Amino acid sequence: MNRTSSSLSASLQAQTPNFSSRDFRDALGMFATGVTIVTMRAKSGQLIGLTANSFNSVSLEPPLVLWSLARKAASLVAMCETSHYAINVLTAEQQALAEQFARRDIDRWAGVDYTIGTSGAPLLANVAATFECFNRSRYEEGDHVIFVGQVEHCTHHSETSPLLYHGGRFFTEHLLGDAAVADEKHTSR
């Protein structure tokens, strides 16, 4: 039995948290993320879109990505029923769009430039990247549902700067130097 298996058998239950929900949210906010808008067309034909920063890669073969949605979200039923959706990665110039798609009780699509992708999901204009996904699977965990999408089409524009979210505020990237290039050269010797 390896060390990990033995530690897992010794502890059959997670410990009760000794922190508040606010403490947890604040700690999570220290992890900088990109900002996306997930878009889909509901069975009724209605366009649905929402801002999400829970996007992450899962696998290269097959190409899989994931994101999560709160169980209390108004769009959850439509999301569970749709076969396809798109993940639109926002640029630093699209903060207003992120805020628009995060608001409630408004027409989120008012004034939004988009086209319809090959699977029927709306693709936002001028974004850093798009991932058109087949709604492959979902997992209910805690107060969220995790959606895994199989990417059928993707595009990107490498000359753009991404919109970032950290500590409850929006940021853009700043290159810190060529350390990654130097490290790569160093390891290839």
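Residues numbered from 1 in each chain as written. Predicted model: local features only at pLDDT ≥ 70, side-chain atom pairs only at ≥ 80, totals over all residues. Heavy atoms only, no water.

### Some points on the overall build of the chain
Counting its regular elements, the chain contains 5 helices and 12 strands. The buried share of the chain, taken over its 189 residues, is 31%. When contacts within the chain are restricted to residue pairs at least 6 apart in sequence, long-range pairs at least 24 apart make up 61% of them. Summed over all atoms, the accessible surface of the chain reaches about 12700 Å², with 53% contributed by carbon and sulfur. (Helix = DSSP H or I, 4+ residues; strand = E, 2+ residues; numbered from the N terminus. Buried < 20%, exposed > 50% of the residue type's maximum accessible area, 1.4 Å probe, protein only. Contact = heavy atoms within 4.5 Å. Areas by Shrake-Rupley, 256 points an atom, 1.4 Å probe, with all protein chains shown as cover.)

### Overview of the pattern of salt bridges
Going through the model one piece at a time under the given rule, you end up with 2 salt bridges. Close ionic contact of Asp-26 with Arg-22 constitutes a salt bridge, the shortest N to O distance being 2.9 Å. Separated by 4 residues within a single helix, Asp-26 and Arg-22 lie in helix H2 (residues 21–28), roughly one turn from each other. Residue class for Asp-26 comes out partly exposed when judged on its relative accessible area of 40%. Among the ionic pairs, Glu-140 bridges to Arg-71, the shortest N-O distance being 3.3 Å. In this pair, Glu-140 is assigned in strand E9 (residues 129–141) and Arg-71 in the loop between strand E5 (64–70) and helix H3 (76–81), connecting sequence segments 69 residues apart. In this structure Glu-140 comes out as exposed when scored by relative accessible area, which is 52%. (Salt bridge = Lys/Arg side-chain N within 4 Å of Asp/Glu carboxyl O.)

### Some words on the sheet that holds strand E3 (residues 47–52)
Strands in a sheet are paired, the pairing made by backbone hydrogen bonds, and the direction either parallel or antiparallel. The strand order E3-E2-E6-E9-E10-E5-E4 describes an open sheet built from 7 strands, whose pairing is antiparallel. With one partner strand each, in any of the chains shown, E3 and strand E4 (56–59) form the two edges of the open sheet. Each neighbouring strand pair of the sheet contributes to a mean axis angle of 35°, computed without reference to strand direction. On the sheet, helix H4 (residues 95–102) packs against strand E2 (36–41) and E3 and is oriented at approximately 115° with respect to E3. (Pairing = 2+ DSSP bridges. Axes fitted to C-alpha atoms, helices over the stretch in contact; angles between N-to-C directions.)

### Some points on the packing of aromatic side chains
Evaluation of the coordinates by the stated rule reveals 7 aromatic pairs. Between Phe-55 and Phe-131, the aromatic rings sit 5.4 Å apart at their centres with planes inclined by 40°, giving tilted as the arrangement. With Phe-55 in the loop between E3 and E4 and Phe-131 in strand E9, the pair connects residues that are 76 residues apart, well separated along the chain. Members of the aromatic cluster, joined through ring pairs, are Trp-67, Tyr-85 and Phe-147. (Phe/Tyr/Trp six-rings, centres within 6.5 Å; stacked < 30°, edge-to-face > 60°.)

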